[in-house]
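Survey of secondary and tertiary structure
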Amino acid sequence: MTNHFGDIVGHSKAILMIGLNTAVSNPIGFKHFLQAKDRNNAKLIVIDPVFTKSAAKADIYVRIRSGTDIAFVYGMLHLIFKHGWEDQEVIKNQAYGIDAIKKEALKYTPEVVEDITGVPKDLLIQTTRVFATTKPATLAWALGITQHTVGSGNTRILSILQLVLGNMGKKGGGCNIVRGHDNVQGSTDMCCVADNLPGYYGLSEASWKHYAKCWGVSFESLQKRFFAPEWMHKKGFSLSLWYEGVLQESKTHSSAPIKGLWVQGNGVSSLAHNTKMARAIEKLDLMVIAEPFLNEAAILTDRPDGVYVLPVATQFECEGIVVATNRAAQWRSQVVKPLYEAKQDHELMFEMAKKFGFYEEYTKALLCDFDKNGELVQVRQTFQWPEDATREMARSIKVIGLGGWTPERLKAQQENWHMFDYISQEGYGPMKGQYYGLPWPAWTPQHPGTPILYDISTPTKEGGMGFRARFGEEHDGQSLLADKSVTIKGSAIKGGYPEITKANIEKVLGIKLTDHEKAIMGDNWKVDTSGLIQKKCDEKGVCVYGNARARAIVWNFIDQIPKHREPLHSPRPDLVQKYPAIKDQVNNFRVDVRYASEQNKQEWAKEFPIVIASMRLVNLSGAGMLERTSKYLSHITPEMFCHIHPDLALNHGIKDGEMMWVHSPEGTKIKVKAIFSHSVTPDRICMPYSFAGVLQGVDLSHRYPEGTKPYTTGESSNTITNYGFDPVTQIPEFNAGLCRIEKA
């Protein structure tokens with residue numbers, strides 16, 4: 001989130017939710033939206049293919065065809081530019097590439113948008129007028145936007161919409177991505193993915209050398225852990241397509257197939273293509289399940305050996321920080337000691353490190369700190385968990401500014417949470433001068449945290465900043481730095497400036513470094529363990545990452561500006577020719593990925609005419625792995641089901657409450673109960689992804705170890721997830737696939 005829930009309550013006059021059902025996925029967050037309606041008379045706009053519980057509270061509900069969000073937003077932008085509702089000052093002084101967006105938007109008249117999205121043109125006009133003319137307005141989304149073959153394009157076009165309207169960096173505005181689970185933001189910040197190091201550091205040599213220094217090991221020792229030096233800088237297999245590394249059914253680009261799988265903290269029923277995962281698990285040499293409740297990856301196989309289930313402690317048996325959806329850290333205390341044989345996550349990792357002979361290297365940084373010259377030195381004989389791990393994160397992760405996240409500050413906030421304002425998150429009394437949770441960036445142990453990103457009306461020492469200067473200073477002869485008129489409050493530099501490096505700091509800040517400072521300073525602020533760049537910038541009121549223009553053009557992406565592209569399995573073959581998929585990818589996350597070839601393989605809608613949408617259940621949260629072990633939560637939704645319009649069901653001879661088969665283009669199927677519902681139209685169905693334990697009509701109950709079977713089991717809707725992956729993140733196409741149905 002660029003802003004936070006309290007800010008929405010306090011300031012937002014319009015809220016646009018798209019691909020997000022907060023009432024179910026984050027009920028506490030939705031409470032804030034409703035409070036904004038009561039307090040500010042904020043207009044709530046909900047855009048969703050399904051009439052959700054959030055839509056039931058909307059002032060304007062827009063039912064859109066899955067996979068057409070980009071076309072809809074271009075329709076909004078068409079009207080915004082036509083009527084002059086854009087923020088011309090922001091576009092002129094703080095943006096790059098909006099002319100290309102404006103040119104593309106010209107194509108998306110209300111009539112064109114109606115044809116593509118199914119949204120009546122009058123409703124598009126009404127939605128745009130309300131959102132564009134109401135200030136400030138905030139925009140919120142979640143997985144309904146990201147889980148597409150154009151998911152990255154979706155997020156880009158929504159950010160561009162807010163930029164064009166001048167809602168970025170403003171109270172009550174911003175782009176607010178609502179996480180559905182505790183610490184999703186935290187795991188993202190730690191980059192638990194295949195193409196980054198912790199804290200959004202890339203796989204470059206400079207990044208690896210930074211972490212080698214932070215961990216107290218040599219760069220060469222890290223390099224030797226790879227099959228060959230070049231693999232150090234290549235993406236691994238993604239979570240979405242890990243099974244290809246085992247099965248080798250599609251062309252892969254790796255030094256060897258995957259032989260072992262460690263599953264920890266990720267519900268398998270939330271992943272796509274369960275039948276392929278099941279085949280991959282059968283082929284593995286080893287699979288380890290480390291969970292407090294049985295992860296249903298364990299029952300995808302009947303194999304008698306090679307599968308180990310390790311009991312891991314629950315959150316109540318652990319201590320440390322979790323990160324909320326608004327980038328804020330909260331200290332969580334241990335309630336009880338781990339029960340029985342359960343171990344905390346870190347204890348299990350430590351045991352594994354000892355077995356493999358690198359425990360001393362693994363824990364070395366926990367005994368150390370940086371001295372005044374930026375060198376890592378040992379300062380203690382034993383470490384304290386999780387305090388010293390938190391200190392290691394704070395001193396190492398500079399890209400998002402975790403320098404202020406000391407255990408002392410976070411513990412003090414936990415003990416004094418009542419000293420923070422509900423709306424502004426500002427502290428009072430002993431907590432004065434900091435925001436609750438120290439939302440990143442909190443650059444130093446003195447920094448208050450940043451409740452609103454990109455706010456130039458606030459000094460940097462109080463959380464202010466411009467847009468990041470990540471892409472150089474010039475492109476195609478145009479400056480990428482903010483205009484001279486855009487000055488961060490209190491800054492010694494007027495207008496835009498580049499990110500600060502050792503090479504430019506004297507010129508940009510107008511200072512003179514001593515020989516000693518030059519000797520100990522890192523090459524740039526992201527790897528400067530001496531802290532000198534941050535210190536010098538603080539003295540000048542300057543943000544270390546620069547003050548630039550937000551770019552709408554990403555010249556190293558396939559689609560340099562967001563473009564509407566029909567889903568690979570589109571219900572509109574007539575539109576596939578006009579809005580085709582991208583070309584097939586070679587070696588993305590070590591696999592070849594199909595796009596155009598899959599889309600054109602056949603006219604999918606002839607055999608599979610019905611659109612699939614996914615949904616959450618508030619009682620089963622996400623994958624439901626934990627919640628289905630509660631008989632009370634399970635009783636609310638005791639079996640897997642499908643929301644289906646009565647007309648669609650009865651046309652196939654299916655009565656309310658009867659069982660039905662749902663078939664996918666992947667050749668997979670699931671057997672579910674039909675529940676008549678007008679929340680969906682006769683061209684689509686909607687199912688939760690919160691069940692497991694049944695696979696293509698086969699009950700797998702006998703595979704659960706004794707005492708681990710949950711109170712309710714059912715088909716996983718992700719068994720029939722269509723083929724398709726975002727070209728940047730490789731997230732699967734969960735929300736715009738096709739199917740056919742029949743009576744069971």
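The structure presented is a predicted model; accordingly, all values stated were derived computationally and were not measured. (Residues numbered from 1 in each chain as written. Predicted model: local features only at pLDDT ≥ 70, side-chain atom pairs only at ≥ 80, totals over all residues. Heavy atoms only, no water.)

**Description of the overall build of the chain**
Rules: Here a helix means four or more residues in a row that DSSP labels H or I, a strand means two or more in a row labelled E, and each is numbered from the N terminus. Burial status follows relative accessibility: with a 1.4 Å probe on protein chains alone, a residue under 20% of its type maximum counts as buried, one over 50% as exposed, and anything between as partly exposed. Contacts are assigned to residue pairs with any non-hydrogen atoms lying within 4.5 Å of each other. The Shrake-Rupley method, run with a 1.4 Å probe sphere, supplies the accessible areas, and residue values consider only the shown protein chains as cover. Positive charges are assigned to Lys and Arg, negative charges to Asp and Glu, while His and the chain termini are left out of the count. By convention, charge coordinates are those of NZ in Lys, CZ in Arg, CG in Asp, or CD in Glu.
Of regular secondary structure, the chain possesses 27 helices and 27 strands. When the backbone C-alpha atoms are referred to their principal axes, the chain occupies close to 80 × 65 × 50 Å. Scored against the burial criterion, the 744 residues of the chain give a buried share of 58%. Across the chain, the fraction of contacts at a sequence separation of at least 24, relative to all contacts at a separation of at least 6, is 68%. By element, 52% of the accessible surface of the chain is carried by carbon and sulfur atoms, the whole surface being about 31300 Å². Where the 85 positive side-chain charges of the chain centre and where its 81 negative ones centre are 3 Å apart.

**Here we look at unusual backbone geometry**
Backbone torsion omega between Trp-385 and Pro-386 reads 5°, so that peptide bond is classified as cis. Secondary-structure assignment places Pro-386 in the loop between β13 (376-378) and α18 (387-396). Here the bond from Trp-440 into Pro-441 is cis, since omega is 0°, no more than 30 degrees from zero. Looking at the secondary structure, you find Pro-441 in the loop between α19 (407-415) and β14 (474-475). Not every positive phi belongs to a glycine, and Gln-425 is a case in point at roughly 70°.

**Quick word on the sheet that holds strand β5 (residues 137-141)**
The line we're drawing: Two strands pair if DSSP finds at least two bridges between them. Axis definition: a line fitted to C-alpha atoms, over the contacting stretch in the case of helices. Angles run 0 to 180 degrees between N-to-C directions.
The parallel open sheet is built from five strands, whose spatial order is β3-β2-β1-β5-β6. Only two strands of the sheet have a single partner each, and these edge strands are β3 (60-62) and β6 (175-177). Direction aside, neighbouring strands of the sheet carry axes that sit 15° apart on average. With three bridges connecting them, β5 and β6 associate as parallel partners. By the bridge assignment for β6, Leu-139 is matched with Cys-175. Strands in contact with helix α3 (residues 27-40) are β1 (14-18), β2 (43-47) and β5; relative to β1, the strand with the most contacts, it is inclined by about 145°. Running at roughly 175° to β5, helix α10 (residues 151-164) makes contact with β1, β5 and β6 of the sheet.

**Remarks on the environment of Leu-300**
Tracing the backbone shows Leu-300 in the loop between β8 (286-291) and β9 (307-311). With relative accessibility at 10%, the residue Leu-300 sits in the buried group. Between the C-alpha atoms of Leu-300 and Arg-279, which are 21 residues apart in sequence, the distance is 8.5 Å. Each residue touching Leu-300, except ones within four places of it in the same chain, is listed here: Val-268, Asn-274, Met-277, Ala-278, Ile-281, Leu-695 and Arg-703.

**A few points about the domain arrangement of the chain**
It is common to give the size of an interface as the accessible area that goes away when the parts come together. The criterion, for reference: Domains are outlined according to an automatic or database domain assignment. The buried area of a pairing is the accessible area, by a 1.4 Å probe, that goes missing from both parts when the two are put together, added over both. A carboxyl oxygen of Asp or Glu within 4 Å of a side-chain nitrogen of Lys or Arg is what we treat as a salt bridge. For this analysis, a polar contact is any N or O atom pair within 3.5 Å, provided that within protein one partner can donate a hydrogen and the other can accept it, and provided that sequence-adjacent residues contribute only side-chain to side-chain pairs. Each residue receives one of three labels: charged for Asp, Glu, Lys and Arg, nonpolar for Ala, Val, Leu, Ile, Met, Phe, Trp, Tyr, Cys and Pro, and polar for the others, Gly being one of them.
Taken as a whole, the chain is organised into domain 1 (5-177) and domain 2 (604-743). If you look at the interface, domain 1 gives 20 residues, while domain 2 gives 24 residues. In total, about 1600 Å² of surface goes out of reach between domain 1 and domain 2, with carbon and sulfur atoms giving 57% of it. For domain 1, the biggest contributors to the area lost against domain 2 are Val-50, Gln-147 and Thr-149; these three give 33% of the whole. The tally of links from domain 1 across to domain 2 stands at zero salt bridges. Counting the contacts that link domain 1 with domain 2 gives 12 residue pairs in polar contact (both at pLDDT 80 or more). No other element matches the three residues that helix α9 (residues 143-146) contributes to the side of domain 1 that touches domain 2. Taken together, the residues of the side of domain 1 that touches domain 2 break down into eight nonpolar, 10 polar and two charged.

**Comments concerning the pairing of strand β7 (residues 260-263)**
Note the cut-off: With its strands directed away from the observer, a crossover is right-handed exactly when the path from the first strand over the helix to the second travels clockwise.
Side chains Leu-261 and Val-263 project from β7 onto a buried face, and the interleaved Gly-260 and Trp-262 project onto a face without burial. The pairing of β7 with β8 spans four bridges and is parallel. For Leu-261, the partnering residue across the bridge sits in β8 and is Met-287. Following the chain from β7 across helix α15 (residues 274-283) to the adjacent parallel β8, one finds a crossover that is right-handed.

**Here we look at the environment of Thr-529**
With respect to the element layout, Thr-529 can be found in the loop between α21 (515-520) and α22 (532-540). The class for Thr-529 is buried, based on a relative accessible area of 8%. Taking the C-alpha atoms as reference points, Thr-529 and Phe-370, separated by 159 residues in sequence, lie 7.1 Å from one another.

**A look at helix α7 (residues 110-117)**
For clarity, the cut-off: Throughout, the arc means the angular range of directions from the helix axis out to the C-beta atoms.
Taken as a whole, α7 has its buried residues at Pro-110, Val-113, Ile-116 and Thr-117. Seen along its axis, α7 keeps its buried residues to an arc of 125°; they face one direction. Looking at the buried side of α7, the elements it contacts are α4 (69-83), α8 (121-133) and α23 (573-576). Taken from the residues just after α7, Gly-118 is the one with a positive phi, measuring 85°.

**Points about the UniProt feature "domain: Molybdopterin oxidoreductase" (unreviewed entry) in the chain**
This is how the line gets drawn: UniProt positions are given in the numbering used here, feature names are shortened, and annotations may be inferred rather than shown by experiment.
UniProt records the feature "domain: Molybdopterin oxidoreductase" (unreviewed entry) at residues 10-354, using the numbering of this structure. Secondary structure content for residues 10-354 is 39% helix and 13% strand, and the end C-alpha separation is 51 Å.

**Notes on the sheet that holds strand β26 (residues 714-715)**
The strands that make up a sheet are held in pairs by hydrogen bonds between backbone atoms, and each pair lies either parallel or antiparallel. Reading across the sheet, the three strands line up as β25-β24-β26 and stay open at both edges, with mixed pairing between neighbours. Two strands in the sheet have a free side with no partner beyond their single neighbour: β25 (698-699) and β26. By the bridge criterion, two bridges tie strand β24 (residues 693-695) to β25 in an arrangement that is antiparallel. Looking across to β25, one finds that Leu-695 is bridged to Val-698.

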